[in-house]
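Chain and residue survey
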Amino acid sequence: MNFVEWVENSSLSLWMADSIWAYPIVLATHAVGMSIVVGTIIIIDLRVLGYASQVRLTSFNNVLIATWFGAILNFLSGVALFTVDPEHFLYHPIFWTKIGLVIAGLLFVYLLLRELKASGQDTSERIESSRKAKTIASLSMLLWLGAIVAGRLIAYVEVN
Amino acid sequence: MVDVLFWMETSALGQLMRDSVWLFPAAEILHFVGLSLLMGSVIIVDLRLLGCIEQVTLQAVYKFLPLALIGFSINLLTGVLFCFTDPFRYYPNFAFRIKFFLIVLAGLNALWFKLAVYPDSLKMSAHENAGPVAKLVALSSLLIWIAVIVMGRMIPYLEDGI
């Protein structure tokens, strides 16, 4: 049995196909998770770039818990959506572009947090973030915007 | 109402949206960016009101509110574009109607926030916790906006009601 067949015969895939409500509900969950992940990350990036500098960077610690919650939500809903048509996604270049951008986006969150800690800016108020932190934040926003663009285009770009 | 829908459908804007291959997906992408901006700002303000964020004044966190308005404006604009593209599809749609009602509810909740929470909260210190009314408004805001997103995504699947 190859990978595609294995996925198609999984109980998750069969459940997604069987239930009328499963697909739309999982899709809606994916949109909610996206808004949490991208929304909170954009807010943090803007703060690092100097927006609303009165807000301490430590204030974002619990916001990041929401970010991770959204990320887990979207990993799970994403896997469920993938099982509906594994062959379609497996050979869809835009899908892999999106996955690449999401992984890079998450890596940049990690890089940003590491840089803020290293430069001792994670607890201070009103202090300008380092040039490196600002660069990471700018690129992070671009990556997430790219992920949204790619995610939406999966539905529009036909393969084969 | 049928006259209005007919006018929207036959308008130059509606025609333009249907004729272009990329205008509709471009508007959809903007709609997703707008809702992320709105949700991000709403999350940080509501989490602070709920007491989940410490050591920051509400006044400082409110700096993110204009971003929520920008996000909402982007989505109002792109949402209108969708409606002009196919008004006879959206108007009777069950999910669309609930979504519309929820957005009005979110607006009333925002008004409640502005009148009952905002003025007093400006004077609060970084360690002060908001009152029960503020917490209720914040929780409602989070839940209503999540429901708005869910209903928006349900539009293609509730074409004929339930």
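Everything here concerns the structure above.
The structure contained in this document is the topic of the report that follows. Nothing here was measured: the structure is a model prediction, and the numbers come from that model.

About the thresholds
- Residues numbered from 1 in each chain as written.
- Chains lettered and ligands numbered in written order.
- Predicted model: local features only at pLDDT ≥ 70, side-chain atom pairs only at ≥ 80, totals over all residues.
- Helix = DSSP H or I, 4+ residues; strand = E, 2+ residues; numbered from the N terminus.
- Buried ≥ 20, exposed ≤ 12 C-beta atoms within 10 Å, placed from the backbone.
- Contact = placed C-beta atoms within 7 Å.
- Expected span 1.5 Å × (residues − 1).
- Nonpolar A, V, L, I, M, F, W, Y, C, P; charged D, E, K, R; others polar.
- Axes fitted to C-alpha atoms, helices over the stretch in contact; angles between N-to-C directions.
- Parallel < 35°, antiparallel > 145°, perpendicular 65-115°, else oblique.
- Left-handed = near helix turned anticlockwise from the far one by under 90°.

1. Re the overall build of chain B
- Helices and strands together make up the secondary structure of chain B, namely eight helices and zero strands.
- Walking chain B from its N terminus toward its C terminus, one meets helices and strands in the order α-α-α-α-α-α-α-α.
- Considered along the principal axes of its C-alpha atoms, chain B spans approximately 55 × 30 × 25 Å.
- Looking at chain B as a whole, 38% of its 162 residues qualify as buried.
- The contacts in chain B between residues at least 6 apart in sequence include a share of 81% that link residues at least 24 apart.

2. A short note on the overall build of chain A
- Assigned secondary structure in chain A consists of seven helices and zero strands.
- Seen in sequence order, chain A has helices and strands lined up from the N terminus as α-α-α-α-α-α-α.
- For chain A, the spread of C-alpha atoms along the principal axes amounts to about 55 × 30 × 25 Å.
- Relative to its 160 residues, chain A shows a buried fraction of 37%.

3. Description of helix H4 (residues 61-84) of chain A
- Here H4(A) spans 35 Å end to end across 24 residues, near enough to the 34 Å set by a 1.5 Å rise per residue.
- Along H4(A), the residues classified as buried are A:Val63, A:Ala66, A:Thr67, A:Gly70, A:Ala71, A:Asn74, A:Ser77, A:Gly78, A:Ala80 and A:Thr83.
- On the buried face of H4(A), the contacting elements are helix H1 (3-8), helix H2 (11-18), helix H3 (22-48), helix H5 (86-90) and helix H6 (93-118) of chain A together with helix H3 (23-49) of chain B.

4. Remarks on the environment of A:Leu90
- Residue position: A:Leu90 is located in helix H5.
- Spatially, the C-alpha atoms of A:Leu90 and A:Leu116 are 37 Å apart, while their sequence positions differ by 26 residues.

5. As for the interface of chain A and chain B
- Facing 28 residues of chain A, the contacting portion of chain B comprises 28 residues.
- Of all the elements in the fold, those that place two or more residues in the side of chain A that touches chain B are H3, H4 and helix H7 (131-153) of chain A.
- Residue composition of the side of chain A that touches chain B, grouped by class: 19 nonpolar, seven polar and two charged.

6. Observations concerning the packing of helix H2 (residues 12-19) of chain B against helix H5 (residues 65-85) of chain B
All names here are of chain B.
- Two numbers describe how H2 lies on H5: the axes approach to 8 Å, and their chain directions differ by 90 degrees. Classified by the angle their axes make, H2 and H5 are roughly perpendicular. Along the contact surface, H2 presents Leu13, Gly14, Met17 and Arg18, while H5 presents Leu81, Phe84 and Thr85.
- Within the contact of H2 with H5, the residues separate by chemical class into four nonpolar, two polar and one charged.

7. Some thoughts on the environment of B:Ser73
- Residue placement: B:Ser73 occurs in helix H5.
- In sequence terms B:Ser73 and B:Gly34 are 39 residues apart; their C-alpha atoms lie 7.9 Å from each other.

8. Some remarks on unusual backbone geometry
- Positive phi outside glycine occurs at A:Ala52, with the angle close to 50 degrees.
- Its location among the elements puts A:Ala52 in the loop between H3 and H4.
- By C-beta crowding, A:Ala52 is classed as buried, having 20 other C-beta atoms within 10 Å.
- One non-glycine residue with positive phi stands out, namely B:Gln55, at about 60 degrees.
- When you line up the elements, B:Gln55 lands in the loop between H3 and helix H4 (58-61).

9. Description of the packing of H6(A) against H7(A)
Residue and element names in this part refer to chain A.
- Running from amino to carboxyl end, H6 crosses H7 at an angle of 160 degrees, the nearest separation of the two axes being 8 Å. The angle between H6 and H7 places the two elements in the roughly antiparallel class. Relative to H7, the crossing made by H6 is left-handed.
- Looking at the contact of H6 with H7, its residues break down into 18 nonpolar, five polar and three charged.

10. Details of the environment of A:Leu142
Residue and element names in this part refer to chain A.
- Considering the arrangement of structural elements, one finds Leu142 in helix H7.
- On the neighbour-count criterion, Leu142 (14 C-beta atoms within 10 Å) is partly exposed.
- As for Leu142 and Leu101, which are separated by 41 residues in sequence, their C-alpha atoms are 9.4 Å apart.

Take it as geometry only, folks, not as evidence of what the structure does.
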